[in-house]
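A look at the structure
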Amino acid sequence: MEDSLNKNSATVEANNPAHYATIIVGIVIGLTGIFLRFTGSWPMISLVSNVLWVAGAVICLRSVLKILK
């Protein structure tokens, strides 16, 4: 009986809306980095866009791994 309760709480944790909200935030940050590549030609735009893109990808991956855990 305890095993079924443990699985049930894992399902509830996986369906937590906070995980999906974090994924959306990560996607928005990543897309901002991608769009910055095409906006201008100031010297640090490439560095800033790459940092934003990687940060968005890391946020999304961490959220997905929390869901799978």
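Attention here is on the structure that accompanies the text. (Residues numbered from 1 in each chain as written. Predicted model: local features only at pLDDT ≥ 70, side-chain atom pairs only at ≥ 80, totals over all residues. Heavy atoms only, no water.)

**Some details on the overall build of the chain**
Stated formally: Secondary structure elements are taken from DSSP: a helix is a run of H or I of four residues or more, a strand is a run of E of two residues or more, and numbering for both begins at the N terminus. A 1.4 Å probe rolled over the protein chains alone gives each residue an accessible area, and that area as a share of the maximum for its type sets the label: buried under 20%, exposed over 50%, partly exposed in between. Contacts are residue-level and defined by heavy atoms, with any inter-residue pair within 4.5 Å sufficient.
Across its full length, the chain carries 3 helices and 0 strands. Counting from the amino terminus, helix and strand elements in the chain follow one another as α-α-α. Within the span of the chain, comprising 69 residues, buried residues form 17% of the whole. Residue pairs at least 24 apart in sequence account for 51% of intrachain contacts in the chain once pairs closer than 6 positions are excluded.

**Considerations on the environment of A18**
Counting through the fold element by element, A18 comes out in helix α2 (residues 17–36). Along the primary structure A18 and S63 are separated by 45 residues, whereas in three dimensions their C-alpha atoms are 9.2 Å apart.

**Points about the environment of T22**
Tracing the backbone shows T22 in helix α2. It is 6.7 Å that separates the C-alpha atoms of T22 and S63, two residues lying 41 residues apart in sequence. Beyond its immediate sequence surroundings of up to four residues, T22 is in contact with I59 and S63.

**Some points on the side chain of S49**
Its place among the elements puts S49 in helix α3 (residues 45–68). For S49, a relative accessible area of 1% gives the class buried. Once residues lying within four places of it in the same chain are set aside, the contact partners of S49 are G33, L36 and R37.

**Focus on α2**
What counts here: To estimate how far a helix should extend, the number of its residues minus one is multiplied by 1.5 Å. It is the directions from the helix axis to the C-beta atoms that the arc portrays.
Helix length check: α2, at 20 residues, gives a terminal C-alpha distance of 29 Å against a target of 28 Å (1.5 Å per residue), a fit within 8%. Every buried residue of α2 is listed here: H19, I23, G26, G30 and G33. For α2, the buried positions fall inside an angular range of 85° around the axis, keeping them on one side. What points out from α2, more than 90 degrees from its buried face, is the exposed set P17, I24 and F35.

Geometric descriptors of this kind do not, in isolation, establish any biological role.
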